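# A look at the structure
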Amino acid sequence: MKIIKIKNCISLFSANEVIPNEELLIEIFLRLPVKSLVRCKCVAKKWNYLITSPESTRLRVPCFNPARGLFLHCSSFLINPLHEFVPFTLENPIQSPFHKLIFVDDPNGIRILQSCNGLLLCCSFRVYGPNENYYVYNPTTQQFVTLPRLGGHGQSSKAVIGMKLAFDPWKSPNYKVICIRLSDEVFPDDQHYQVEIYSSEFKKWRVVGSPFLARYDIGFRYTGVYWNGAIYWECGDNSLRFNVEQEMFDKFPMPNIKESRVAYYGESCGYLYLVQVYRRQKLCFYNIYEMNSDGTEWYVKYQVNVEDVVNAFPHMIRHYHDPTDWNYLAMSVLCVVRGEKEEEAFMILHLPKMVIRYNLRDKTFYKLCEFGNNSTIEENQFEDEDEDYEVPISLQFDRFSAFQYVESLFCM
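Every value quoted in this text rests on a predicted model; they were computed, and no experiment measured them.

With 85% of its residues at a pLDDT of at least 70, the protein chain reaches an overall mean of 84. Across residues 1-13, confidence stays below pLDDT 50; counting only partners more than four residues off in sequence or on other chains, it has zero contacts. Below pLDDT 50 for its whole length, residues 374-387 participates in 15 contacts with residues either more than four positions away or in separate chains.

This is the structure:
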């Protein structure tokens, strides 16, 4: 009994010493996993502030936080589509924060548009136009914000072409959403666009600059990437970027991609990557480019020959295509991840019914997960066909349906 009493006194004394000591609390919080910190936030307002303040974020993650997994949007006739989750490691894999986006009751369902440093830009799924809602969602903390309609009351019919999220917690505790919409002004020559920006600091939309003309094939809705203070839209020689701070457009260079295709384009840990795929006879090669820090030039960072992957997983070969055809191999690049160290960089590849991790330094690879037979073409459709007929091989996902998961304690 005496020992128990002494231990209780020591525990009480320790707690009384720790709780009022902010510096000691911060040191404890810095050593806890994110899952535990999410619970600690609910203990007291003071703890919530110490955990989510920009200063604590910079202490906890002094540089960019690497992605821990990938959300894969599943094509579906459901109102709320399912999301497969692929953790990037087989050892102590992280659990998915969700399988359906049901953080708000949207009658049209919700889908992801973009992932940006821990936050997801989402929108209504089964509707497009004036009734479409947009959300900024933190999957780690389960917090979200519904963005106001453009122009306020009575002006919700503006045609939105694309929305992009700009968030850099190491530079600012606020985020911005850049909207590209059709201009209200009528021009005699061609359709013009207008930029509006929403700021989480001021919580309202603001028209920026004059209407501008752009190519019709720039993918304002799906292809933009936020990196180094700007949104980058890849479109060959007409690639465009918008500097969020200076609020102005300019063009940026692209690598020579003749006789090749862009297989992937995205950001990881503060670096911008572009993957170029080209073919020689039956072989498939990838050039992985990295943009230099000032955004003026690309250089080849890695060169990958995936012959070993094809030999290990021959079910990806589409024998009904010519070996020189782009579609000969059923394989897509879902993302390039730098990792906490440069030597830990890897590429995520999607093959029929599986996802693999390809390590770029030592060129090793292994399977991360397998999927059921949920492809758009079911094999039993062809049971009554000619025996010589080969079942088409399809892929369930591509780079536009893959979104990186980065743990973040950012408070919405």
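Structure shown, so let's carry the discussion forward.
So, about unusual backbone geometry. At glutamine 142, a residue that is not glycine, the phi angle is positive and equals roughly 70°. Of note, glutamine 142 is situated in the loop between strand 5 (134-138) and strand 6 (143-146). Take glutamine 142: its relative accessible area is 42%, and that puts it in the partly exposed class. Look at lysine 353: it is not a glycine, yet its phi comes out positive at around 70°. Here lysine 353 shows up in the loop between strand 20 (346-351) and strand 21 (354-359). The class of lysine 353 is partly exposed, set by a relative accessible area of 32%.

A few words now on the sheet that holds strand 1 (residues 69-73). Neighbouring strands of a sheet are bound in pairs by backbone hydrogen bonds; such pairs are parallel or else antiparallel. Overall, antiparallel pairing links the three strands, which are arranged 2-1-23 in an open sheet. The open sheet has two edge strands with one neighbour each: strand 2 (83-87) and strand 23 (402-405). Strand-to-strand twist across the sheet, computed as the mean angle between neighbouring axes with direction ignored, equals 25°. Across five bridges, strand 1 lies against strand 2 in antiparallel orientation. Residue pairing for strand 2: glycine 69 is matched across the bridge by proline 87.

Next up on the list: the packing of aromatic side chains. The tally for this structure, following the rule as stated, stands at 26 aromatic pairs. Ring geometry for phenylalanine 103 against tyrosine 135: centres 5.6 Å apart, planes inclined by 85°, an arrangement best described as edge-to-face. Of this pair, phenylalanine 103 sits in the loop between strand 2 and strand 3 (110-116) while tyrosine 135 sits in strand 5, and the two are 32 residues apart along the sequence. Residue classification places phenylalanine 103 among the buried residues on the basis of a relative accessible area of 16%. Assessed through its relative accessible area of 3%, tyrosine 135 is described here as buried. Between the aromatic rings of tyrosine 198 and tryptophan 205, the centroid separation amounts to 5.6 Å while the plane-to-plane angle is 55°, which identifies the pairing as tilted. We classify tryptophan 205 as buried; its relative accessible area is 13%. One aromatic cluster is present, formed by Phe71, Phe85, Phe98, Phe103, Tyr135, Tyr137, Phe144 and Tyr405 through successive ring pairs. Between the NZ or CZ atom of arginine 338 and the centre of the ring of tyrosine 271, over which it lies, the distance is 3.6 Å. Taking NZ or CZ as reference, arginine 357 lies 3.7 Å from the ring centre of phenylalanine 346, over its face.

Let's shift gears to the sheet that holds strand 10 (residues 204-212). Overall, antiparallel pairing links the four strands, which are arranged 7-8-9-10 in an open sheet. Bordering the open sheet on either side are strand 7 (160-167) and strand 10, each of which pairs with just one other strand. Neighbour to neighbour, the strand axes of the sheet diverge by 20° on average, direction disregarded. Bridge analysis of strand 8 (residues 175-182) against strand 9 (residues 193-199) gives seven bridges, and the strand direction is antiparallel. Across the sheet, the residue bridging to leucine 182 is tyrosine 193, located in strand 9.

Rules and cut-offs
- Counting restarts for each chain, with residues numbered from 1 along the sequence as it is written.
- Reporting of local features is limited, given that this is a predicted model, to residues whose pLDDT is at least 70; pairs of side-chain atoms are given and counted only at 80 or more, and all residues count toward the totals for whole chains, interfaces and linings.
- Note: side-chain values were computed over all heavy atoms of the structure, leaving out hydrogens and water.
- Scored from 0 to 100, pLDDT reflects the predictor's confidence in each residue.
- Any two residues whose heavy atoms approach within 4.5 Å are treated as being in contact.
- Secondary structure elements follow DSSP: runs of H or I no shorter than four residues count as helices, runs of E no shorter than two count as strands, and numbering proceeds from the N terminus.
- Relative accessibility decides the category of a residue: with a 1.4 Å probe and only protein chains considered, values under 20% of the type maximum give buried, values over 50% give exposed, and everything between is partly exposed.
- Any two strands between which DSSP finds at least two bridges are classified as paired.
- Fitted lines through C-alpha atoms give the axes, limited to the stretch in contact for helices. The angle between two N-to-C directions lies from 0 to 180 degrees.
- Only centres within 6.5 Å qualify two rings of Phe, Tyr or Trp (six-membered ring in Trp) as a pair; their planes then separate them into stacked at under 30 degrees, edge-to-face at over 60, and tilted for everything else.
- Placement of a charge over a ring requires the Lys NZ or Arg CZ to be within 6 Å of the ring centre, with the centre-to-atom vector within 35 degrees of the ring normal.

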